[in-house]
Amino acid sequence: MLMRHGETEWSATRRHTSYTDLDLLDAGVEQAKALATAVAGHAFVAVISSPRRRALRTAELAGLTPTEVTEDLAEWNYGEYEGVTTADIHRHSPQWSLWTDGAPGGEMPDEIGRRVDAVLERVAPLLDGGDVAFIAHGHSLRVVGARWVGLPAAGGGL
């Protein structure tokens, strides 16, 4: 099960947020609490979380205890685009796409793909025992989905 963290100040304003460690807004707290209802009574064989506060707090409020906290699920490293919106990036690079171009000073699609592949390899043997929960970020979770179905990391843009 893929679960994105609750709303933060930067996600609310559509700013790229990777390594900047922000807390949840009140709305994000409520979103995370709503996850508790969605997962109530569901037993996970593993709960894997990004190490960012927003993901860990979401897990806590959802009533989930991570069995692993890993940088492999951290958000795409946006490098020079950290804190910048896509609209602002398009003002000077109208054709830019994270999915094909990556982020200057940050990660390329194949780099985040390798991180995600590493965590998927670790959880594959667990799946015979049940479901695994991933608590992370919008773009990194889209890469998880793409890699899970055999697409390249750029397939997360679909």
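Above this text sits the structure in question.
All of the points below concern the structure found in this document.

### Thoughts on the sheet that holds strand β2 (residues 44-49)
Within a beta sheet, neighbouring strands are joined by backbone hydrogen bonds and run either parallel or antiparallel to one another.
Move 1: One open sheet accounts for 4 strands, arranged β1-β4-β2-β3; its pairing is parallel. Of all the strands in the sheet, the pair left with one neighbour each is β1 (2-4) and β3 (68-69).
Move 2: Across 5 bridges, β2 lies against strand β4 (residues 131-136) in parallel orientation. Counterpart to S49 in the pairing with β4 is I135.
Move 3: Contacts from helix α6 (residues 109-123) reach β2, β3 and β4 within the one sheet, and its direction differs from that of β4 by about 155 degrees.
Move 4: Along the sheet, helix α7 (residues 138-148) contacts β1 and β4; its crossing angle with β1, the most-contacted strand, is approximately 165 degrees.

### A word on helix α2 (residues 26-39)
Move 1: Relative to the 20 Å expected for 14 residues at 1.5 Å per residue, α2 spans 21 Å between its end C-alpha atoms, a close match to the ideal helical length.
Move 2: For α2, the full list of buried residues reads G28, V29, A32, L35 and V39. The arc that holds the buried residues of α2, viewed along the axis, is 105 degrees, so those residues lie on one side. Of the residues in α2, the exposed ones pointing more than 90 degrees away from the buried face are D26 and T37.
Move 3: Backbone geometry just downstream of α2 places G41 in the positive-phi region, at approximately 80 degrees.

### A short note on α6
Move 1: The end-to-end C-alpha distance of α6, which contains 15 residues, comes to 21 Å, matching closely the 21 Å that a straight helix rising 1.5 Å per residue would cover.
Move 2: Turning to α6, its buried residues number three or more, namely P109, I112, G113, R115, V116, V119, L120 and V123. Along the axis of α6, the buried residues cluster in a sector spanning 160 degrees; they form a single face. More than 90 degrees from the buried face of α6, the exposed residues found are R114 and E121.
Move 3: Contact partners of the buried residues in α6: β2, α5 (98-101), β4 and α7.

### Brief notes about the pattern of salt bridges
Move 1: Tallied over the full model, the rule gives 11 salt bridges.
Move 2: With its nearest N and O atoms 3.6 Å apart, the salt bridge here joins R53 to D21. Remark: D21 occurs in the loop between α1 (9-12) and α2 and R53 occurs in helix α3 (residues 53-61); sequence separation between them is 32 residues.
Move 3: R53 gets classed as partly exposed once you look at its relative accessible area, which sits at 41%.
Move 4: By relative accessible area, D21 is classed as partly exposed at 30%.
Move 5: Of the charged contacts, one joins R115 and E107 as a salt bridge, the two residues approaching to 2.7 Å between their closest N and O atoms.
Move 6: Assessed through its relative accessible area of 10%, E107 is described here as buried.
Move 7: Three or more residues joined by partner-sharing salt bridges are found here, namely D21, D23 and R53.

### Thoughts on the nonpolar core
Move 1: Judged by nonpolar contacts, the single largest core of 23 residues is most densely connected at I48, L73, W76, F134 and V143.
Move 2: Where this core is concerned, the elements lending two or more residues are β2, α5, α6, β4 and α7.
Move 3: Among the elements that line this core, the one with the most residues is α6, at 5 residues.
Move 4: M3, F44, A55 and I135 belong to the second-largest nonpolar core, a separate cluster that totals 11 residues.

### Things to note about the packing of aromatic side chains
For any two aromatic rings, the description comes down to two numbers: the centre-to-centre distance and the angle of the planes.
Move 1: The full count for this structure, using the stated rule, is 2 aromatic pairs.
Move 2: Considering the side-chain rings of Y81 and W96, the 5.1 Å spacing of their centres and the 80 degrees angle between planes classify their relative orientation as edge-to-face. Of this pair, Y81 sits in the loop between β3 and α4 (86-92) while W96 sits in the loop between α4 and α5, and the two are 15 residues apart along the sequence. Residues Y81 and W96 agree in their burial class; the two are buried.

Basis of the calculations
- Residues numbered from 1 in each chain as written.
- Predicted model: local features only at pLDDT ≥ 70, side-chain atom pairs only at ≥ 80, totals over all residues.
- Heavy atoms only, no water.
- Pairing = 2+ DSSP bridges.
- Helix = DSSP H or I, 4+ residues; strand = E, 2+ residues; numbered from the N terminus.
- Contact = heavy atoms within 4.5 Å.
- Axes fitted to C-alpha atoms, helices over the stretch in contact; angles between N-to-C directions.
- Expected span 1.5 Å × (residues − 1).
- Buried < 20%, exposed > 50% of the residue type's maximum accessible area, 1.4 Å probe, protein only.
- Arc of directions from axis to C-beta.
- Salt bridge = Lys/Arg side-chain N within 4 Å of Asp/Glu carboxyl O.
- Core = buried A, V, L, I, M, F, W, Y, C linked by side-chain atoms within 4.5 Å.
- Phe/Tyr/Trp six-rings, centres within 6.5 Å; stacked < 30°, edge-to-face > 60°.

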